[in-house]
Amino acid sequence: MKLTVIGCGYLGATHAACMAELGHEVLGVDADPDKVAVLNSGRAPFFEHGLDELLARHTASGRLRFTGSVAEAAAFGDLHFVGVGTPQRAGEQAYDLTHLFTAVRQLASHVRGKAVVAVKSTVPVGTAARLAETLGEGVELAWNPEFLRESNAVEDSLRPDRLVLGFGSGGSRAETVLRQCYAKIIDAGTPTIVTDWATAELAKSAANAFLATKISFINAMAEICEASGADVRQLADVLGHDARIGHRGMAPGLGYGGGCLPKDLRGFRARADELGADRAVALLGEVDAVNQARRERVVSLVREECGGSLEGRRITVWGAAFKPDTDDIRDAPALAVARRLHELGATVTVTDPQALDKARKAHPQLVCVDSPVEAAEGADVLLHLTEWPEYGRIDPRVVRERVGRACVVDGRGTLDAGRWREAGWTVRGLGRR
Ligand code: NAD
């Protein structure tokens, strides 16, 4: 099949490469010429396991290519995936859908004959119906939300745990085309849910809201543990043994971040508000508030360790990416804490195995150092805020030689606290008194 992917960021570049891997001929489109050039050279403009290999293989074989031209895309094939960004509107909670409406309008203006537009971007429920009004005769709209996880994106795209296909009334051609496109995935037994536009849109919003709620739930329990002397990690383990609850996504700590969960939760809340779903609005608002409060809690622990003032203190932060195995720093909790500590007067040094270049560009006020041990030089407090596995393997005795004061705040609770204490460190964490 010949298909296009419009918007080649984290989602789109991965989707394009994986569609080529499934055997399709793929044209990726992006408005950013630098991204197009990097992708055409067979590399990803960001770090994602296994993606460079797929891009190199399929750009070399000629099955995958990238362009900046929507007109070229319209002429290339009859199935067009759309994965442009849907960020949070500046100064508001709601989504900014400008990129999505622009991309689809541009495409529709060039399409001659029949085409299927399958949107993968995450949106507030009701967007598909509005978008359909902008499409001309012969163009069918399908909703195909994406559930991939950054750091596991290739695997999640090739072997998703479910496919959701949403159609408007009379979307039978769109269903045939998408079933053909995903034939290998569907034939592998992947649960495939065919539904209407609104349910498909909501499927993604609700999934992200549930994941965020699970994290904020255990972090709310962490607050109670801190006040009562209980241990939230043991508590999470006990809860996780209940098959109805499960261990996954129950990691207490600094909370979630990234380019999706925070803005999707807020955009969903704003939409629930418009729809008058007051209880949902209240629930989603609390989930967000608990998450933000964890960041402030880490800042207050550091302040406490520094005797009440951060003026002139040296703080080292291990981690910049919003989670391990990615270089994505969008709404990264580690950087939010680092920036706040800097605002309060500290000199903050940050390190990260993958995200340091992005952190340096986005936050020039932070000192960026490659080596985690060198980054700790002279620190009054060391913060462990992104749980890269390599940080767990560093010998705390070696780091102790470098710091000014041997105090570590483990915002992710994954360092071996016993080992650090044995090496002479004061260990502070979340969810424990
Ligand atoms: P991103 O910012 O990395 O990528 C968006 C891309 O769209 C950019 O490269 C941008 O240049 C391009 N673009 C914008 N307007 C365009 C236009 N008119 N024509 C062509 N290209 C255009 O964002 P992302 O993380 O890939 O997310 C994209 C969408 O997918 C969002 O709605 C997001 O919520 C959703 N999503 C993302 C993930 C993820 O893990 N990143 C997972 C599931 C869903």
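All of these numbers come straight from a predicted model, not from anything done at the bench.

Focus on the packing of helix α10 (residues 197-228) against helix α11 (residues 232-240)
- Direction vectors running N to C along α10 and α11 enclose 135°, while the axes themselves pass 9 Å from each other. Considering their axes alone, α10 and α11 lie oblique with respect to each other. The chirality of how α10 crosses α11 is right-handed. Facing F217, I218, M221, A222 and C225 of α10, the residues of α11 in contact are V232, L235, A236 and L239.
- Residue classes in the contact of α10 with α11 are distributed as nine nonpolar, no polar and no charged.

Some words on helix α8 (residues 172-181)
- Those residues of α8 that sit buried are A174, V177, L178 and C181. Axial view of α8: buried residues confined to an arc of 95°, hence all on one face. Those residues of α8 that are exposed and aimed more than 90 degrees away from the buried face are S172 and T176.

Some details on the domain arrangement of the chain
- Under the domain assignment, the chain is made up of domain 1 (2-190), domain 2 (205-290) and domain 3 (294-429).
- Averaged C-alpha coordinates put domain 1 and domain 3 at centres separated by 37 Å.
- When the buried area of domain 1 at its contact with domain 3 is split by residue, Y10, F47 and E150 rank highest and sum to 70% of it.
- For the pair domain 1 and domain 3, the interface holds one salt bridge.
- The closest approach of N and O atoms between R330 and E150, which form a salt bridge, is 3.2 Å.

Topic: the sheet that holds strand β10 (residues 347-351)
- The strand order across the open sheet formed by six strands is β11-β10-β9-β12-β13-β14, and the pairing between neighbours is parallel. In this open sheet, the two edge strands, each paired with only one partner strand, are β11 (367-368) and β14 (426-429).
- Here strand β12 (residues 381-384) pairs with strand β13 (residues 407-410) via three bridges, running parallel. Counterpart to H384 in the pairing with β13 is D410.
- Packing against the sheet, helix α13 (residues 278-305) makes contact with β9 (314-318), β12, β13 and β14, and its axis sits at approximately 155° to β14.
- Contacting β9, β10 and β12, helix α14 (residues 333-343) crosses the sheet at an angle of about 160° to β10.

Let's talk about empty space enclosed by the protein
- Taken as a whole, this structure holds one cavity of 30 Å³ or more when the rule is applied.
- Space inside the largest cavity adds up to approximately 40 Å³.
- The element that contributes the greatest number of residues to the lining of the largest cavity is α10, accounting for three residues.
- Residues belonging to the lining of the largest cavity are distributed by class as follows: four nonpolar, two polar and four charged.

Comments concerning the packing of α13 against α14
- For the pair α13 and α14, interaxial distance at closest approach is 10 Å and the crossing angle is 45°. In terms of orientation, α13 and α14 fall into the oblique class. Of the two elements, α13 crosses α14, and the hand of that crossing is right-handed. Of the residues in α14, those in contact with R295, E296, V298, V299 and V302 of α13 are P333, A336, V337, R340 and L341.
- When grouped by side-chain class, the residues that make up the contact of α13 with α14 number seven nonpolar, no polar and three charged.

Scoring rules and cut-offs
- Residues numbered from 1 in each chain as written.
- Predicted model: local features only at pLDDT ≥ 70, side-chain atom pairs only at ≥ 80, totals over all residues.
- Heavy atoms only, no water.
- Axes fitted to C-alpha atoms, helices over the stretch in contact; angles between N-to-C directions.
- Helix = DSSP H or I, 4+ residues; strand = E, 2+ residues; numbered from the N terminus.
- Parallel < 35°, antiparallel > 145°, perpendicular 65-115°, else oblique.
- Left-handed = near helix turned anticlockwise from the far one by under 90°.
- Contact = heavy atoms within 4.5 Å.
- Nonpolar A, V, L, I, M, F, W, Y, C, P; charged D, E, K, R; others polar.
- Buried < 20%, exposed > 50% of the residue type's maximum accessible area, 1.4 Å probe, protein only.
- Arc of directions from axis to C-beta.
- Domains from an automatic or database assignment.
- Buried area = accessible area lost by both parts, 1.4 Å probe.
- Salt bridge = Lys/Arg side-chain N within 4 Å of Asp/Glu carboxyl O.
- Pairing = 2+ DSSP bridges.
- 1 Å grid on protein atoms, 1.4 Å probe; cavity = no way out; pocket = protein on both sides within 12 Å on 5 of 7 lines; lining within 4 Å.
- Points joined across faces, edges and corners; volume = space filled by probe spheres on them.

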